[in-house]
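# Structural description and commentary
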Amino acid sequence: MRLSRRLEKLPPYLFVEISRKIAEKRAQGIRVVSFAIGDPDLPTPPHILDALVEASRDPANHRYPETEGLPELRQAIARWYRRRFGVELDPDTEVLPLIGSKEGIGHVAFCLIDPGDIALVPDPGYPVYPMGTVLAGGEPYYLPLREENGFLPDLDEVPAEVARRAKVLWLNYPNNPTGAVADLDFFRRAVEFARRYDLAICHDGPYTEVALDGYRPPSFLQAEGAKEVGIEFHSLSKSYNMTGWRIGMAVGNAELIRALRDVKSNLDSGIPQAIQLMAIAALDGPQDCIDEHNRVYQRRRDRLVEALRSLGLRVNPSPASLYLWARVPEGETSVSYTTKLLEEAAVVVTPGVGYGPSGEGYIRLSLTLPDDDLEEGLRRLEAIAHGRPVRL
Ligand SMILES: *Cc1c(COP(=O)(O)O)cnc(C)c1O
């Protein structure tokens, strides 16, 4: 058998050594506390589950769904965008439901990238942007997100010959892994950049509803001209604790939405209809669950920021997303510090280099661990901070 050459371009799994150490600790019966998982620990709200139970009993939902989703779901998505962002969308041409947004983020590369084309991707960033590009035969060009720049890419820094070869600019705010946010002024500048170089913008926005301190993140589509150059990926995963159900959406530019639908219609047969009905219940239903979840994250964030600062790490309280992005102490690398926390305290964090070369010097901590794990993790971090032995 000869596997495709494109597979050789996927990077090896970076954290083999760290994963081995975690498994070793667990095998010794040690309780490992993980801040590494970006998956809400809270359950899907009951009114959304009720929609699934009811839908599952209707034989109409036992059959193949359509690639483009139920018209009722596309309409619910358009209504939600109007209510939440004041953005108008045509449910038939500007909305496409996805099997989780990751699916669309990966597949849209096949709509934009031919062999040799460039995709501009944030560094650090969600690995699917560069890897989707590589699988489509293209080359990722990394745009460093620097702390002094509020973790926004400096678009003026992109060499003109790179920008001309680029077919797409990937953006993601509120940002994973840095927790940074962008305002409409930044999105406007991105639209101008896309016009100047005739490229598409794909904005990935699954965290617009995971916002703290009363902050309300904007949609990329609120920027003037955004719909002429790009699309936004959104998801029910983080807003409604629905990662396991797999449902998200792409919205915006009709030409790109059609292209993505055409690619997908050759690869998948849509989202199980009962799950589409859950999404309608989530989008049209009461939204107070979102504030409830965010209150939990805010409390966890504040506790964790305090503990990290007592350890001597520099960290800003993220205004949105599920993550804290902390600077490791002088003399440590993101991997050496991750290893130290694991060995001394059986606490797992994600080394920043896993999200790209500019992630060096940082670790990511997620707010999605149950409260008793969080308390145990904080207890251990505080022991290290005060030079006390960590009891495991
Ligand atoms: C969680 C996440 C997603 C994808 O979520 P789905 O569950 O596939 O909808 C996309 N982008 C980023 C940056 C994420 O963190």
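Coordinates for the structure precede this section.
### Section: the environment of leucine 184
- Looking at the element boundaries, leucine 184 is found in helix α9 (residues 184-197).
- As for leucine 184 and alanine 223, which are separated by 39 residues in sequence, their C-alpha atoms are 5.8 Å apart.
- Leaving out residues up to four positions away in the same chain, leucine 184 has contacts with Pro218, Ser219, Gln222 and Ala223.

### Describing the side chain of threonine 368
- Take threonine 368: it is sitting in the loop between β13 (362-366) and α15 (371-385).
- Its relative accessible area of 6% is what places threonine 368 among the buried residues.
- Engagement of the side chain of threonine 368 in a polar contact is seen with the backbone oxygen of isoleucine 37, the distance being 2.4 Å.
- A polar contact is formed between the side chain of threonine 368 and the side chain of serine 366, at a distance of 2.6 Å.
- Not counting residues up to four positions away in its chain, the partners in contact with threonine 368 are Ile37, Gly38, Asp39, Pro40, Asp41, Tyr297, Arg300 and Leu322.

### Things to note about the pattern of salt bridges
- Scanning all chains against the criterion turns up 30 salt bridges.
- A salt bridge links arginine 79 to aspartate 284, with the nearest nitrogen and oxygen atoms 2.7 Å apart. Of this pair, arginine 79 sits in helix α4 (residues 71-85) while aspartate 284 sits in helix α12 (residues 273-284); the two residues are 205 residues apart in sequence, bridging distant segments of the chain.
- A salt bridge links arginine 303 to glutamate 375; the shortest N-O distance between them is 2.8 Å. Remark: glutamate 375 occurs in helix α15 and arginine 303 occurs in helix α13 (residues 288-310); sequence separation between them is 72 residues.
- Judged by its relative accessible area of 33%, arginine 303 falls in the partly exposed class.

### Section: the environment of lysine 25
- Residue placement: lysine 25 occurs in helix α2 (residues 16-27).
- Along the chain, lysine 25 and alanine 346 lie 321 residues apart, while their C-alpha atoms are 7.4 Å from each other.
- Every residue in contact with lysine 25, bar those within four places of it in the chain, is listed here: Ile30, Val32, Leu342, Glu343 and Ala346.

### Details of the packing of aromatic side chains
- In the structure shown here, the tally under the stated rule is 14 aromatic pairs.
- Each residue in the set Tyr126, Tyr129, Trp170 and Phe233 is aromatic and connected to the rest through ring pairs, giving one cluster.
- Taking NZ or CZ as reference, arginine 327 lies 4.8 Å from the ring centre of tyrosine 362, over its face.

### What to know about the pairing of strand β8 (residues 248-252)
- Counting buried residues in β8 gives five out of five residues, a clear majority hidden from the surface.
- Here β8 shows a buried face lined by Gly248, Ala250 and Gly252 and a second buried face lined by Met249 and Val251.
- When strand β2 (residues 95-98) meets β8, the two strands line up antiparallel, connected through four bridges. Counted as the bridge partner of proline 97 is methionine 249 from β8.
- Where strand β7 (residues 230-235) lies against β8, five bridges are found, and the strand directions are antiparallel.

### Section: the side chain of serine 239
- Checked against the element boundaries, serine 239 lands in the loop between β7 and β8.
- For serine 239, a relative accessible area of 4% translates into the label buried.
- Excluding its chain neighbours within four sequence positions, the residues that come into contact with serine 239 are Pro206, Glu209, His234, Ile290 and His293.

Each value, and the rule that gives it
For every chain, the first residue of the written sequence is number 1, and numbering continues from 1 onward in sequence order. Where totals are concerned, whole chains, interfaces and linings use all residues; where local detail is concerned, this predicted model gives features only for residues with pLDDT of at least 70, and gives and counts side-chain atom pairs only at 80 or more. Derived side-chain values reflect all non-hydrogen atoms in the structure, with water molecules and hydrogen atoms excluded from consideration. Numbering goes from the N terminus for both helices and strands, where a helix is a DSSP run of H or I of at least four residues and a strand is a run of E of at least two. In this analysis, two residues are considered to be in contact whenever any of their non-hydrogen atoms come within 4.5 Å of each other. Exposure categories follow from relative accessible area, calculated using a 1.4 Å probe and restricted to protein chains: below 20% of the type maximum is buried, above 50% is exposed, and the middle band is partly exposed. As used in this structure description, the phrase polar contact means that two N or O atoms lie within 3.5 Å; if the pair is within protein, one of them must be able to donate a hydrogen and the other to accept it, and residues adjacent in sequence are counted only when both atoms belong to side chains. Salt bridges, as used here, are contacts in which a Lys or Arg side-chain nitrogen is within 4 Å of a carboxyl oxygen on Asp or Glu. Each pair of aromatic rings taken from Phe, Tyr and Trp, with Trp reduced to its six-membered ring, is defined by centres within 6.5 Å and is described as stacked if the planes are under 30 degrees apart, edge-to-face if over 60, and tilted in the remaining cases. Cation placement over rings: the criterion is NZ of Lys or CZ of Arg within 6 Å of the ring centroid and within 35° of the ring normal. When DSSP finds two or more bridges between two strands, those strands count as paired.

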